Amino acid sequence: AQTLRCEHFVSSTAAIHSMKFATAIFACAFLSDVSGLMLRNSGTDVDQNRPVSRIVSLLKHMLEELDKDAAADEEAYNKMSCWCGKNEKTKTQAAADADARISELTASVEQRTASSARLSTEIENAKAELASNQETLAAAAALRQKQLAQFNDEEKELLQSIQALGAAIIVLEKHHNSAGLLQIQGDDHLSGVIAAIQQAAQKHSFLLQGVLTHQQKQLISFLVANRQGYAPQSGEVFGILKQMKETFESNLNDSQKEELRNKKAYDGVQATKQEMIELGQKEINDK
């Protein structure tokens, strides 16, 4: 638009200059004719020459005005030409800058679009990983609860059996004769010893596999079935009770150690997964 205005100004100025130049030529020609006429009629009266003189003066004034206008137009033309030249360079540079900016913005939009797609993928992956960590932690917690409940039940039963066997050993020490025979008949305490042996053997049979010999198992069966007269040597019964008690104590100790390992393992998993969950949630929120 600026270029069109400059071209229009140049064309208009040139047309004005042409018109003024033609007018000046006409005025000069007219003055020449009038001057000749005045010379030929130099003998006429002043009153007769006054209109011509006034016309000549008017034409001279017009020529002076035309000269001034021409100078002013030329100055304006020069200024406008300079302005048009500078403005054209400015607008050309502005157009080039605008094109460069458009290219820059286009590249930025493409980059941001790619970044948005990448962030969307990262968010989905982070959500999937977060869900996986939460599921792992929940599964570990459920397993831990199951392990703890199983340990508590096993510990309770073993403690009860160990306590019963310990009491049976104390009773047995008080009820044997000088010959070392175990007197069972008519003694409720000794019947309690036999009941403790029977109950422990039945409840923890899986723990006693490979521990009691065949003869010891037969002796337990004899004690349970025979409640009349004298039992075999009390030392054999002592041996069974102590062996069963030691087996249960050893198993209880192993169970307690395993419980500590399970608890430590769960605490480690819980701490790790909880930290990963918090970091994953923060990563999702930050994106």
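**Student:** Just to check I follow, could you spell out the overall build of the chain for this structure?
**Tutor:** The number of helices and strands found in the chain is six helices and two strands. Reading the chain from its N end, one meets helices and strands in the order α-α-β-α-α-α-β-α. By the burial criterion, 23% of the 287 residues in the chain qualify as buried. Summed over all atoms, the accessible surface of the chain reaches about 19300 Å², with 56% contributed by carbon and sulfur.

**Student:** Whenever I open this one, the side chain of Asn251 confuses me. Can you help?
**Tutor:** Within the secondary structure, Asn251 sits in helix H6 (residues 234–286). Asn251 has contacts with Glu154, Leu158 and Leu207, leaving out every residue within four places of it along the chain.

**Student:** Before we go on, may I ask you to explain the confidence of the model for the chain in this structure?
**Tutor:** For any part of a model where pLDDT is low, the fine detail of the predicted coordinates should not be relied upon. When pLDDT is averaged along the chain, the result is 76; 68% of the residues meet or exceed 70. Highest mean pLDDT in the chain belongs to H6 (90); lowest belongs to strand S1 (residues 181–183) (51). Under a pLDDT of 50 for its full length, residues 42–48 has, in the predicted model, one contact with residues more than four places off or in other chains.

**Student:** Just to check I follow, could you spell out the pattern of salt bridges for this structure?
**Tutor:** Pairs can form between side chains of opposite charge whenever their charged atoms are close. Under the definition given, this model contains six salt bridges. Between Glu122 and Arg118 there is a salt bridge whose closest N-O contact spans 3.0 Å. Taken together, the positions of Glu122 and Arg118, both in helix H2 (residues 46–174) and four residues apart, correspond to about one turn of that helix. Look at Arg118 and you get partly exposed, because its relative accessible area is 43%.

**Student:** What is the right way to read the environment of Leu158 from this model?
**Tutor:** Along the polypeptide, Leu158 turns up in helix H2. The exposure class of Leu158 is buried, given its relative accessible area of 1%. Through-space distance from the C-alpha of Leu158 to that of Ala200 is 9.0 Å; in sequence the pair is 42 residues apart.

**Student:** Just to check I follow, could you spell out the nonpolar core for this structure?
**Tutor:** Generally speaking, nonpolar side chains in soluble globular proteins are found buried as a group. Counting residues in each nonpolar core, the largest one holds 24 residues, and the members touching the most others are Ile197, Leu241, Met244 and Phe248. Going through the elements one at a time, H2, helix H3 (188–203), helix H4 (205–208), helix H5 (214–225) and H6 are the ones with two or more residues in this core. Counting residues in each nonpolar core, the second largest holds five residues, with Ala126, Leu130, Leu137 and Ile284 among its members.

**Student:** Would you mind showing me how to read the UniProt feature "coiled-coil region" (unreviewed entry) in the chain here?
**Tutor:** Under the present numbering, the feature "coiled-coil region" (unreviewed entry) in UniProt falls on residues 116–143. The span residues 116–143 is 100% helix and 0% strand, and its two end C-alpha atoms sit 40 Å from each other.

**Student:** When you look at the environment of Gln216 in this model, what are you seeing that I'm missing?
**Tutor:** Mapped onto the secondary structure, Gln216 falls in helix H5. Classification of Gln216 by relative accessible area gives buried; the value is 17%. Taking the C-alpha atoms as reference, Gln216 lies 8.0 Å from Glu236; in sequence the two are 20 residues apart. Look past the residues within four positions of Gln216 in its chain and what remains in contact with it is Val211, Ile240 and Gln243.

**Student:** So what exactly am I meant to see when it comes to the side chain of Asn133 here?
**Tutor:** Within the fold, Asn133 resides in helix H2. When its relative accessible area of 5% is taken as the criterion, Asn133 is described as buried. If we ignore the near neighbours within four places in the chain, the residues touching Asn133 are Lys273, Met276 and Ile277.

Cut-offs used in this document
- Residues numbered from 1 in each chain as written.
- Predicted model: local features only at pLDDT ≥ 70, side-chain atom pairs only at ≥ 80, totals over all residues.
- Heavy atoms only, no water.
- Helix = DSSP H or I, 4+ residues; strand = E, 2+ residues; numbered from the N terminus.
- Buried < 20%, exposed > 50% of the residue type's maximum accessible area, 1.4 Å probe, protein only.
- Areas by Shrake-Rupley, 256 points an atom, 1.4 Å probe, with all protein chains shown as cover.
- Contact = heavy atoms within 4.5 Å.
- pLDDT = per-residue confidence, 0-100.
- Salt bridge = Lys/Arg side-chain N within 4 Å of Asp/Glu carboxyl O.
- Core = buried A, V, L, I, M, F, W, Y, C linked by side-chain atoms within 4.5 Å.
- UniProt positions renumbered as here; feature names shortened; annotations may be inferred.

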